[in-house]
Every structure is written in structure tokens, then in C-alpha cells.
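So you can see what is in the structure, the chains are spelled out below.
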Amino acid sequence: MKKFQRLMIVVIFLSLAVVIYSLKLRDQYVVPIVAYSDVRLGSPTSDPRNVALNHFESQMAFLRKYKYRVISLDELVSSITTKKTLPRHSVVLTFDDGKANHYQYVFPILKKYGFPATIFISPWLVGKKGYLTWEQIKDMEKAGIVFGSHTLNHVYLPGLSKNKQKHQISVSKKAIERHLGHAIHHFCYPLGGFTDAIKGFVKDAGYASACTANRGYNRFNRDVYALKRLHFANKNTIPFLLWLKLSGYYHFFEKPVSPN
């Protein structure tokens, strides 16, 4: 009997702990921003940033099956700046580098599911082997895909002088806008690296937001110029792992990573 009573006390204590913990976390919910790089046909490579096409489609199917609300980066940034609360089960999709496979493989699947997305491109790499062309970019734009800057030629900004940092940030914006015929609003730090000064250059150039990787101390994504993202890898095909990453609390349990 005493053993049973002790067990019940433990169960009650753990239940109260879970309730208190969940209440503490409730105000720390963050709409997850998913980051992809290459999506390739065939078997996965050793690079965790490369996702096999069948795994990518299964991840998109997961979002549809479990009724996730896939929103644009524009909507997320607007909600942060206006302090508007977005519904739980929201998620943003982003793609880095503007690879050719984004048009060949990713684009048809996004159209299939009707999901919005933002792709970050480096204008000096557009048209090079393995990268999107301007014609493909414009075709994707017509279907609602949004494009942002990833610097002129995908350089690690903290390793440059301040003048070169400004050049990469501002001139890439102007180059993309010249080709597309309209303003762009979002930036992405190559390899996730940034500093407070670089954030200032991004803001001064007229961008509305900037994405990093998992770098920085902006754990709850309240700083629109240091938006942390999470990567979906090939191993993320198990529903529990996908649910965990999309819970909105993933960054809360991450160890902070230096921004540069």
C-alpha cells in the first residue's frame, strides 16, 4: 500500500511539473522556419544539408496530412513586427542558394501542395552550372514563390571588411530587383554568420528581415534581422522527429551558437 502511495505521489508530482512547464513554455512558442539547401534525386549524401527527393516529398506530405498552416515569410515577419499572434501549427519554408534542383524537383512539389516558400539567391551565381536561371526564377515568381538575397556570390560576411559587407548586402538587393523589376524584402546570411554591424547594414539596405541558420541568441525570433531556422534532414522522416522540430519549442532546447 505504501509503495502504491509513493507511486501516486510521484505521478502527481510529475503531472504538476509537466503542467507548470507547459504553462511556462506557452508564451515561448515560435513559428518554425524550415531551411533547405539541395534536394536531390537518388540516395542521400553524407552532407546533412542534402535531402533526397523522396524524403522531401514525404516531409511536405506530412505537413499536409497533419494540417500544418504553411505561411509566407512575409506573413511571419509582419506578425513579429506588429506583435500579432499566429495560429499554432504554422510553418515557413525557405530554401538557400537557388540551386537548379529547386526548379526541377522542389517547385513541382510546392505547386502540388500549394505551399508558399522563399528562396534566397546570389545574383552572380544565377545562370551558372547547378544554379537557377533568371527565366526559371521569373517562372517560379509567377506561381507565388518569393525570392530574397543571399549576397552577391555566397560569401561568409563576418570574414569581410565592413565596406565589402555593405557592398555584398546592398548591391545584391539592387541586382535582384533590377532583374525582377520589383523590390525584394528578405535577406539570408550565408552559412548563418552575422554580427550586430552586419545586421545594421541589412536594415540600412532596406530589407525587412534576415534569416540565419541556428546561430545567434535570438532564441524566440523576436529580432527580424536574426531569424533562426531549423533544417529538415534525411533522417527527419519519422513523424515524431518532424513533430518535435515543428512543435514551436525546438529552439528553446537548443544550445545557443555564436552568430559569427
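Residues numbered from 1 in each chain as written. Predicted model: local features only at pLDDT ≥ 70, side-chain atom pairs only at ≥ 80, totals over all residues. Heavy atoms only, no water.

1. What to know about the pattern of salt bridges
Taken as a whole and assessed by the stated rule, the structure comprises eight salt bridges. Ionic pairing is found between Asp 38 and Arg 40, a salt bridge with its closest N-O pair at 2.7 Å. Given a relative accessible area of 35%, Arg 40 falls into the partly exposed group. Between Lys 199 and Asp 196 there is a salt bridge, and its shortest N-O distance comes to 3.9 Å. Of this pair, Lys 199 and Asp 196 both sit in helix H7 (residues 196–204), separated by three residues, roughly a single helical turn. We classify Lys 199 as buried; its relative accessible area is 17%. Within the structure, one salt-bridge network assembled from shared partners comprises Asp 38, Arg 40 and Lys 99. (Salt bridge = Lys/Arg side-chain N within 4 Å of Asp/Glu carboxyl O. Buried < 20%, exposed > 50% of the residue type's maximum accessible area, 1.4 Å probe, protein only. Helix = DSSP H or I, 4+ residues; strand = E, 2+ residues; numbered from the N terminus.)

2. Re empty space enclosed by the protein
Enumeration according to the criterion identifies one cavity of 30 Å³ or more in this entry. Of the volumes computed, that of the largest cavity is approximately 30 Å³. Forming the walls of the largest cavity are Val 30, Pro 32, Leu 230, Lys 245, Gly 248, Tyr 249, Tyr 250 and His 251. The class makeup of the residues in the lining of the largest cavity is five nonpolar, two polar and one charged. (1 Å grid on protein atoms, 1.4 Å probe; cavity = no way out; pocket = protein on both sides within 12 Å on 5 of 7 lines; lining within 4 Å. Points joined across faces, edges and corners; volume = space filled by probe spheres on them. Nonpolar A, V, L, I, M, F, W, Y, C, P; charged D, E, K, R; others polar.)

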